[in-house]
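Read off the chains here:
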Amino acid sequence: MVFALSLALCHALKAQAQPNPARPPDADWPIAAKDDSNMRYSTLNQITADNVHSLQVAWTFGTGVNRGHEGAPIVVGSTMYIITPYPNYLYALDLKQSGQIKWRFEPKPDAASQGEACCDHVARGCAYDDGKVYINTLDGQTIAVDAESGHEVWRTKLGDIHIGETITMAPIVIDGKVIVGNSGSQLGVRGWIAALDGKTGKVVWRAYNTGPDSDCLIGPDFHPYYADDKGKDLGVTTWPGEQWKIGGATVWGWISYDPQLHLLFHGTGDPASWNSEVRKGPNKWSSGIFARDPDTGQAKWFYQYTVHDLYGHDGINESIVVDLVLKPGEPKQKVLLHADRNGYLYVLNRETGQVISANPFVRITAYKGVDLKTGHIQFNPDKKPEVGKTIRDIAPAAPGGKDWQPSAFSPRTGYMYLPHQTLSMDFEEIPVNYIAGTPYVGADAKFYPDPQEPGDGSMGAFTAWDPVAGKAVWNIKERFPVWCGTVATAGDVVFYGTMDAWFKAVDARSGKVLWKFKVDSGIVGQPITYLGPDGKQYVAILSGVGGWPGSVVSNDLDPDDPVSDHGFGGAMRDLPKYTAKGGALYVFALP
Amino acid sequence: MFSLYPKSLHRSRVRMGGRWCVVAVATTMLLCGCTREKRKFSGGEPNSNAAVSSVRLIDLQPGGAQPVSHVDNPFEHNAYATSEGKRLYSSYNCASCHAHGGGDIGPALMDDKWIYGASPENIYASIMEGRPNGMPSFRGHLTEDQAWKIVAYVRSMSAQVPQGVAPNRSDEMKSSPAENSKKKENPAPAAPPTSGEQPQ
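Residues numbered from 1 in each chain as written. Chains lettered and ligands numbered in written order. Predicted model: local features only at pLDDT ≥ 70, side-chain atom pairs only at ≥ 80, totals over all residues.

Novice: Any chance you could break down the sheet that holds strand β15 (residues 255-258) of chain A for me, citing the residues and the numbers?
Specialist: Backbone-to-backbone hydrogen bonds join strands into a sheet, with any given pair of strands oriented parallel or antiparallel. Residue and element names in this part refer to chain A. As summarised here, the arrangement of the four strands in space is β15-β16-β17-β18, forming an open sheet in which the pairing is antiparallel. Two strands bound the open sheet, and with one partner strand each, they are β15 and β18 (299-304). The average angle at which neighbouring strand axes cross in this sheet is 15°, direction not considered. By the bridge criterion, four bridges tie strand β16 (residues 263-267) to strand β17 (residues 288-292) in an arrangement that is antiparallel. The partner of Phe-265 across the bridge, within β17, is Ala-291. (Pairing = 2+ DSSP bridges. Helix = DSSP H or I, 4+ residues; strand = E, 2+ residues; numbered from the N terminus. Axes fitted to C-alpha atoms, helices over the stretch in contact; angles between N-to-C directions.)

Okay, here's the thing in structure tokens:
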């Protein structure tokens, strides 16, 4: 009897954790990117351009962790879940009680992993599906946690820190499979993406992004658009010797999914090392994008944004799934919108991988354009790095015109909203030694504010971009890189945060800053919006400076060495004057 | 061996008539010069067993304070060994984690914050044993001789070695100030651990 009762109670509790069908659309925010399209657009419209000026803090929550908080909170029903940077605490907060802790799950990742992560100890988010919350840990594990109780359901070790593998990306769940990829191009790992059975944690498939076709899950279904990507075992033959075994091409960014085409899209990281002389050749399948069948992992097409990437311009940025009318009178086309590190904003045909357009959204000196016939990016020979020679004013710098910080697309305005940076760099390739578990960098870099565009010393920008016209609509400059994601809403308000600790609401059409609020520490997170149990619209953001540019504060670096922090040290010299470290969640609502 | 010095110097000394004076001056110069410039191709490092057995991270000890440092690293008086340390620091990828002293994945080494101690034997222990928050152990990768040379170089980054010994140029593009023009830091032992958890 007691058993039956407790079983019933258990079922009741489990049922609570499911998204409530009675909840209106977009009430929840169940994965870091909100949904598989990666559009980061919410139909919630209580907060509007007219009333956002009266937005105020509803409640806050300190995470107890000091490193860069790049993660997005997620919301399911009346619970919010937050994954912190290492030690990767997972908190469940009760939205009915101003964020009272329901439970805290401590995965206890190996402390040594802190020495293997290139760009701070970040975790970019968790995912909810079928009563479980899925997290990745810095030491390379994926763990399923029961959403109601906080108890561990399963854990699978996928990466090995002894060869430099970590996991920092936010997982996504497609048809019950948890999709995960590794980090560590900077340590000379071999990149992969894997699908795990959400019920058991068993690996269903794993595709490498270098090596033989059989490892890359390239088979008869693979039909790349451009000739350069056709051929046998290009993941081996486009590298010297066995360099592909330590060739990078990781999957540390965003994954999107089109349910109609039943294709997932994922970028691949830069080739290792930054010393390009040790890896002559196109270095497939690095710095590009794969379309894969989520059931089997089999590749459908691939496009390489940056062939033989010379500047760390990897291809992991988000690809937004959207259908657009590109020419008046023509039907909608199935496209991907992708602002790449290399400074070009690509519109891709997502059925074939064809480049429809590629327009520069920042100043570019490294390249001279993208040839739409061959798909080739055109290198500027004046900026070709060499060992022992300093090449100056390479724009965009290694973090690119935009890094991982995810953009949004509003179907109401038709604009993309790009949080990004305007940096140039001096760059020198240096001799490189591969020692497993240590960085495999092979270059010294010094980043600085782009000297021409904008040329005023600012390093950050928040830009509205018209992907059909291929040009910027409006732009807001910021002192530091805008290393924070964004969310667009049906209230025609767009939110983002800055590294000098301001959280801002902007008019989606005009770019006018309508409201701003100073938070604890610099923002490098991802804003979300959801409907609380009380039916009110809330906006939430994690503060807590860090990440690649924020390590100057979060890891107490000494900017007197400008090549510190993989080249960011000198550029971020002033950051400690604006912010201290410390993680905290802010939740805002109208009064 | 007097050929090391300008002949005019000897003559002037001789004319001064003080033969002992010549010997004394020359010996002093030779001793200083030799230590700084001497090249020993093997040996010369401290006894690592002794260094490890005397290692103390802090001076707080029941019964009264005890000094932290006991070990003199002879390489810290030798420019060649310190430069070798700089070369090894790059070759063994120390530079890709700690940059040219400003830090990266690992903490800065040219400032005054020393989580695991700033004395030569503390740094030697950090390199050889590793540290729990991400510093790998290099025991087996480095000989003791190489490790002590890296120790000398690491300490030159915050001017803990004589100025005449610290390297003054890099093979790479200019980054942080040359080691021999660095500001001398006063290492502070009470530094936070690198773990991200609060409170530190």
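Picking up where we left off.
Novice: Give me helix α4 (residues 547-554) of chain A: which residues, what numbers.
Specialist: Residues and elements named next belong to chain A. Burial analysis of α4 places eight of its eight residues in the buried class, which makes it a mostly covered element. For α4, the full list of buried residues reads Gly-547, Trp-548, Pro-549, Gly-550, Ser-551, Val-552, Val-553 and Ser-554. At its buried positions, α4 is contacted by α5 (575-578). Of the residues one or two after α4, Asp-556 is the one with positive phi, at around 50°. (Buried ≥ 20, exposed ≤ 12 C-beta atoms within 10 Å, placed from the backbone. Contact = placed C-beta atoms within 7 Å.)

Novice: Which residues make up the pairing of strand β37 (residues 537-543) of chain A, and what are the values?
Specialist: Residue and element names in this part refer to chain A. Of all the seven residues making up β37, seven are buried; the element is thus mostly covered by neighbouring parts of the structure. In β37, alternate side chains face the same way, and those of Gln-537, Val-539, Ile-541 and Ser-543 on one face and Tyr-538, Ala-540 and Leu-542 on the other are all buried. Summarising the sheet, strand β36 (residues 528-531) and β37 pair through four bridges and their orientation is antiparallel. By the bridge assignment, Tyr-530 is partnered in β37 with Tyr-538. Hairpin connection, β36 to β37: the antiparallel pair is bridged by five residues, and Gly-535 has positive phi, about 80°. Pairing between β37 and strand β38 (residues 584-589): six bridges, direction antiparallel. Paired with Val-539 across the bridge in β38 is Phe-588.

Novice: Explain the interface of chain A and chain B residue by residue, including any values.
Specialist: Of the residues lining the interface, 40 residues belong to chain A; the matching set on chain B comes to 34 residues. Class assignment for the residues of the side of chain A that touches chain B results in 16 nonpolar, 14 polar and ten charged. (Nonpolar A, V, L, I, M, F, W, Y, C, P; charged D, E, K, R; others polar.)

Novice: Kindly report on helix α4 (residues 79-91) of chain B, identifying the contributing residues and their values.
Specialist: All names here are of chain B. The end-to-end C-alpha distance of α4, which contains 13 residues, comes to 18 Å, matching closely the 18 Å that a straight helix rising 1.5 Å per residue would cover. Considered for burial, the residues of α4 that qualify are Ala-79, Ala-81, Thr-82, Ser-83, Glu-84, Gly-85, Lys-86 and Tyr-89. One or two positions beyond α4, positive phi appears at Asn-93, with a value near 65°. (Expected span 1.5 Å × (residues − 1).)

Novice: An account of unusual backbone geometry is requested, with residue identities and associated values reported.
Specialist: Residues and elements named next belong to chain A. Cis geometry marks the peptide bond from Tyr-86 to Pro-87, where omega comes out at 10°. Note that Pro-87 resides in the loop between β4 (79-83) and β5 (90-94). Residues Ala-395 and Pro-396 are joined by a peptide bond in cis, for which omega reads -5°. Along the chain, the position of Pro-396 falls in the loop between β25 (390-394) and β26 (408-410). One non-glycine residue, Asn-38, adopts positive backbone phi at about 65°. In this structure, Asn-38 sits in the loop between α1 (2-17) and β1 (41-42).

Novice: Quick one: what's the story with the packing of helix α6 (residues 120-129) of chain B against helix α7 (residues 144-156) of chain B, residue by residue and with numbers?
Specialist: When two helices pack together, you describe them by how their axes are tilted relative to each other and by the distance separating the axes. Residue and element names in this part refer to chain B. Close contact between α6 and α7 brings their axes to 9 Å; oriented N to C, the two are set at 120°. Classified by the angle between their axes, α6 and α7 sit oblique to one another. Relative to α7, α6 is oriented so that their crossing is right-handed. Contact residues: Pro-120, Ile-123, Tyr-124, Ile-127 and Met-128 in α6; Ala-147, Trp-148, Ile-150, Val-151, Val-154 and Arg-155 in α7. (Parallel < 35°, antiparallel > 145°, perpendicular 65-115°, else oblique. Left-handed = near helix turned anticlockwise from the far one by under 90°.)

Novice: Residues and numbers for the environment of Val-75 of chain A, please.
Specialist: Residues and elements named next belong to chain A. Within the fold, Val-75 resides in strand β3 (residues 74-76). The spacing of Val-75 and Gln-243 is 168 residues in sequence and 43 Å in space, taken between C-alpha atoms. Setting aside residues no more than four positions away along its own chain, Val-75 makes contact with Asp-28, Trp-29, Met-80, Ile-528 and Tyr-530.

Novice: Break down the confidence of the model for chain A for me, with residues and values.
Specialist: Here chain A averages 96 in pLDDT, while 96% of its residues score no lower than 70. Every residue in residues 1-18 of chain A is under pLDDT 50, and counting partners more than four places away or in other chains gives eleven contacts. (pLDDT = per-residue confidence, 0-100.)

Novice: Provide a residue-level description of the nonpolar core, including the pertinent values.
Specialist: The biggest cluster of nonpolar side chains holds 209 residues, and the ones touching the most others in it are Ile-74, Tyr-81, Leu-90, Cys-126, Val-133, Phe-409 and Val-494 of chain A. With seven residues, α7 of chain B is the largest single contributor of residues to this core. Leaving out residues up to four positions away in the same chain, Leu-90 of chain A has contacts with Tyr-81, Ile-83, Phe-105, Cys-126, Val-133, Ile-135 and Val-145 of chain A. (Core = buried A, V, L, I, M, F, W, Y, C linked by C-beta atoms within 7 Å.)

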